[in-house]
Amino acid sequence: MGRIFGTDGARGVANTEISCKLAMNIGRAAAMVLSEQIGRKPTVLIGKDTRISSDMLEAAITAGLCSVGADVIHAGVLPTPAIAYLITEEHADGGIMLSASHNPYEFNGIKIFGPEGYKLTDAEEFEIEEIVLDHVKPYLIRWGWELGRIRKVENLADLYIDHIAKTIDGDLSGMKIAVDCSNGSASSTAEKLFTRLGATVDILSCEPNGININKNCGSTHIDRLCQYVKEGQYDAGIAFDGDADRCIAVDETGEAVDGDQIMAILATDMKAKGKLKDNAIVATVMSNMGLFRFAADNGIQMETTKVGDRYVLEQMRKKGFNLGGEQSGHVILSDHMSTGDGQLTAIQLMAALKSSGKKFSELKSVMTVYPQVQRGIRADAVMKAKLAVDKAVELIIAKSEKQLNGNGRILVRASGTEPLIRVMIEGADKQQIEELVATVADQLEERLSQNEDHKRMEGY
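Quantities reported herein were computed from a predicted structural model and do not represent experimental measurements.

A. Examining the pairing of strand S14 (residues 301-305) more closely. Here strand S13 (residues 280-284) pairs with S14 via five bridges, running parallel. Within S14, the residue paired with Ala 280 across the bridge is Gln 301. Handedness of the crossover joining S13 and S14 through helix H9 (residues 289-297): right-handed.

B. Just the pattern of salt bridges, in detail. Here the structure, examined in full by the defined rule, presents 32 salt bridges. A salt bridge links Lys 137 to Glu 36; the nearest nitrogen and oxygen atoms lie 2.8 Å apart. Of this pair, Lys 137 sits in the loop between helix H4 (122-134) and strand S7 (150-152) while Glu 36 sits in helix H1 (residues 20-38), placing them 101 residues apart in sequence. On the basis of relative accessibility, which here comes to 45%, the residue Glu 36 falls in the partly exposed class. Between Lys 48 and Asp 55 there is a salt bridge, and its shortest N-O distance comes to 2.6 Å. The class of Asp 55 is partly exposed, set by a relative accessible area of 47%. One network of salt bridges, with partners in common, ties together Asp 8, Arg 11, Lys 111, Lys 119, Asp 243, Asp 245 and Asp 309.

C. A look at the sheet that holds strand S11 (residues 247-250). Read from one edge of the open sheet, five strands run S9-S8-S10-S11-S12, paired in mixed fashion. In this open sheet, the two strands that pair with only one neighbour each are strand S9 (200-204) and strand S12 (256-257). Sheet contacts for helix H11 (residues 342-356): strand S8 (176-180), strand S10 (236-240) and S11; angle to S10, the most-contacted strand, approximately 170°.

D. Examining the packing of helix H3 (residues 80-89) against helix H5 (residues 156-165) more closely. One can describe the packing of H3 onto H5 by two numbers: an axis separation of 10 Å at closest approach and a directional angle of 90°. The orientation of H3 relative to H5 falls into the category roughly perpendicular. In contact with Pro 81, Ala 82, Tyr 85 and Leu 86 of H3, H5 contributes Leu 156, Leu 159, Tyr 160 and His 163. Its residues assigned to classes, the contact of H3 with H5 comprises seven nonpolar, one polar and no charged.

E. Fine view of the pairing of strand S18 (residues 408-414). Judged by how many residues are buried, S18 sits mostly within the fold: five of seven residues are covered. For S18 and strand S19 (residues 420-427), the ladder comprises seven bridges, and the chain directions are antiparallel. Bridge pairing in S19 links Arg 413 to Arg 422. From the end of S18 to the start of S19, which pair antiparallel, there are five residues.

F. Layout of the packing of aromatic side chains. Applying the stated criterion across every chain, the model contains one aromatic pair. Residues Tyr 228 and Tyr 234 carry aromatic rings whose centres are separated by 5.5 Å and whose planes lie at 25° to one another, so their mutual orientation is stacked. Taking the relative accessible area as the measure of exposure, Tyr 228 reaches 29% and is therefore partly exposed. For the cation-ring pair, Lys 176 lies above Tyr 234, with the distance from its terminal atom to the ring centre recorded as 4.5 Å. A cation over a ring is seen here: Arg 317 above Tyr 118, with NZ or CZ 3.5 Å from the ring centre.

G. Highlighting helix H8 (residues 259-272). Helix length check: H8 (14 residues) gives 20 Å between terminal C-alpha atoms against 20 Å at 1.5 Å per residue, within 8%. Burial runs high along H8: 11 of the 14 residues are buried. Every buried residue of H8 is listed here: Gly 259, Asp 260, Gln 261, Ile 262, Met 263, Ala 264, Ile 265, Leu 266, Ala 267, Asp 269 and Met 270. Capping the start of H8 is the job of one residue whose side-chain oxygen sits 3.1 Å from the backbone nitrogen of Asp 260: Asp 258. Looking one or two residues beyond H8, the residue adopting positive phi is Gly 274, at roughly 70°.

Rules of the game
Residues numbered from 1 in each chain as written. Predicted model: local features only at pLDDT ≥ 70, side-chain atom pairs only at ≥ 80, totals over all residues. Heavy atoms only, no water. Pairing = 2+ DSSP bridges. Helix = DSSP H or I, 4+ residues; strand = E, 2+ residues; numbered from the N terminus. Right-handed = clockwise from strand over helix to strand, strands pointing away. Salt bridge = Lys/Arg side-chain N within 4 Å of Asp/Glu carboxyl O. Buried < 20%, exposed > 50% of the residue type's maximum accessible area, 1.4 Å probe, protein only. Contact = heavy atoms within 4.5 Å. Axes fitted to C-alpha atoms, helices over the stretch in contact; angles between N-to-C directions. Parallel < 35°, antiparallel > 145°, perpendicular 65-115°, else oblique. Nonpolar A, V, L, I, M, F, W, Y, C, P; charged D, E, K, R; others polar. Phe/Tyr/Trp six-rings, centres within 6.5 Å; stacked < 30°, edge-to-face > 60°. Lys NZ or Arg CZ within 6 Å of the ring centre and 35° of its normal. Expected span 1.5 Å × (residues − 1). Polar contact = N/O pair within 3.5 Å; in protein donor to acceptor, adjacent residues only side chain to side chain.

This is the structure we're talking about:
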């Protein structure tokens, strides 16, 4: 995790942590890195979600790009994967998405894509950080005719929707689906996509006003959708996050279907059709034990990475696999898209549901979900750094894990997108792990807070 970039771009409170100055300088540095890679003046496609701060940051990062000679295409409000896809369609050399994904409206973020629509590597992000923070080279401020120009392209959403719709055989006619757009980027695309495919669709949380993105809606707040699906007798529900690069589903009984279950369903369908490359799935350390047991029972190879869909994709590209993702709903179908795509995932899932002839609750039974309980600890950079090296932390975790008797695990990690340390415990006995996660989190918070105080006392 870098000094500006986390596991999914730069992210923080808009206008303070993600300031206009920082956005402008990231734009300058990104354009310099891209121009060095391609050996000429770059064109950069910019998209945004519906946060009130997105217009401000779009202006700032555009100014930075143009000041070093990069041309800019404004795509408007679109999902993150749409920007990744449209880079090549619009013959751009890179892309920037302004979004803080599932975070509340006061946050925003900067996600950068390279010429082929893939997120930048750690090394490329480090190069940008060195320019912005360490001033290893001066910004190449341009004058006169060397300045970049800005143009806006209309109807780019239609190109993206057309691509996604063509990835399934047939259509979704006869299906009744409820879709929660999280008052975010999917508000510009989801209704048109599902309607085009013939589904009877009701759209929720599709009235963005700048401050209601992810507010009690979307993939991180699905209680309303669960009730809506059950009471309305829908075949399924789909909930996107703020930038629509992930989705969580709901079965006809109102029960959630997370990213691990979605991968199990898609893997079953793809394997049966001979489309699952090397019969493999790439997941992260956060994936449920049930996914690994499903894979073992069905002759499917599992590969594991650290948390972050970019790391999942890196492993998929390295090994040539075409299915991977995260429990949180980032699912990557690399035959069709260079990054996680909630709407692509949703229609592939709905197509698999329709072709199976089963109810959704029956279809998801291919995987048994083991109880997982999570708790977040508020943490700054000092606490996160100490987490990795404090021997007392290791002892707390090891001692607690013994109580699971080999039938579970404890995972503690620093969040790459929020000021949190996350504690996750998984096991067969939900009551036991609920009690244990509270104990472990309290002990870790006390230990790491003490260490932070000691550092301040020692002059750090």
